Amino acid sequence: MSIRFDGKVAIVTGAGGGLGRSHALELARRGAKVVVNDLGGDRTGAGGSSDAANKVVEEIKAAGGEAIANGSSVTDDEGVANMVKQTVDAFGRIDILVNNAGILRDKSFTKMEIGDFQLVVDVHLMGTVKPTKAVWPIMKEQGYGRIMVTTSTSGLYGNFGQTNYGAAKLGVVGFINTLKLEGQKDNIRCNALAPVAFTRMTSDLFPPEAEQMFTPESVSPGVMVLVSEDAPTGTILLAGAGVFSAAQIMESEGVFLGREGLTAEKVLENWEKITDMKGAQPYFMGGEQTGKVLKLATED
């Protein structure tokens, strides 16, 4: 049951520190050749330096692994193209993409500037879409690929002051919900991770004593499963402090109210039944929703 990545090539974005560094080190320890991508900016996205990525590469090489550094921004089309070219030139293929890069610009929605909203969405959502788009044809041609996106409980459940972050993080879930279907025939599996960890980005959100409990290293084992040979597809995995759970988008059984004489008042009268989650079921394929509606509408 040992998970190994011998012969596999992985790109990890935002891997100069925190969760990305931990994921990159663990992939390398298990045999993967790793591209350590990091722009090197601060947690708001300002600045840039290759020092952090180079340091992680040195750690991997010191442990006997293979790695190269890349300083491209995940929002820059040319930079993403160069990262993919650099990877293929160095290692000949791309098997795994771990989308981890991110920034924070937290404020209540009342005080938030549209520019801060746009930038966070660009980095987290489009900064996931662009690298994925760039590696997709390579994975299709290989007939193999493993893609992980990083979501958040802020996207799944909400968090005060993070409308921009939450919107982007639920966006990447919507992204893989379709991507998992399109990748099936080419053995490309797509999953999401919702991590909770004490890192440079989140240090002021935790009490100091949490650092020893919510380590990045307690999250990365879940990532190894999500990008492994036998990975699931379409899974949302929550991980933190060694605790792992799965989240699903659920839907109630529903109520057929007819098509003739249908009014808002009739919907309101049946609101308790409509929103009763007792018989809720997860939906994995878009066609299942259409089938369910047709079944309810023809039962009477």
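Scroll up to find the structure.
Residues numbered from 1 in each chain as written. Predicted model: local features only at pLDDT ≥ 70, side-chain atom pairs only at ≥ 80, totals over all residues. Heavy atoms only, no water.

Enquirer: Before we move on, can you summarise the pairing of strand β1 (residues 9-12) with the specific residues and values?
Expert: The side-chain alternation of β1 yields two buried faces, one formed by Val-9 and Ile-11 and the other by Ala-10 and Val-12. As defined by bridge partners, β1 adjoins strand β2 (residues 33-37) across four bridges and the pair is classed as parallel. Bridged to Val-9 within β2 is Lys-33. Note that the unit made of β1, helix α1 (residues 18-29) and β2 has a crossover that is right-handed. Sheet topology note: the β1/strand β4 (residues 96-98) ladder contains three bridges and is parallel. When the bridges of β4 are listed, Ala-10 appears paired with Ile-96. (Buried < 20%, exposed > 50% of the residue type's maximum accessible area, 1.4 Å probe, protein only. Helix = DSSP H or I, 4+ residues; strand = E, 2+ residues; numbered from the N terminus. Pairing = 2+ DSSP bridges. Right-handed = clockwise from strand over helix to strand, strands pointing away.)

Enquirer: I'd like to hear about the pattern of salt bridges, residue by residue, with values.
Expert: Applying the stated criterion across every chain, the model contains twelve salt bridges. A salt bridge links Arg-21 to Glu-217, with the shortest nitrogen-to-oxygen separation between them at 3.8 Å. With a gap of 196 residues between them, Arg-21 in helix α1 and Glu-217 in the loop between β6 (188-196) and α7 (220-226) connect regions that are remote in the sequence. Overall, the relative accessible area of 45% leaves Glu-217 in the partly exposed class. Note that Asp-95 and Arg-93 form a salt bridge whose closest N and O atoms lie 2.6 Å from each other. (Salt bridge = Lys/Arg side-chain N within 4 Å of Asp/Glu carboxyl O.)

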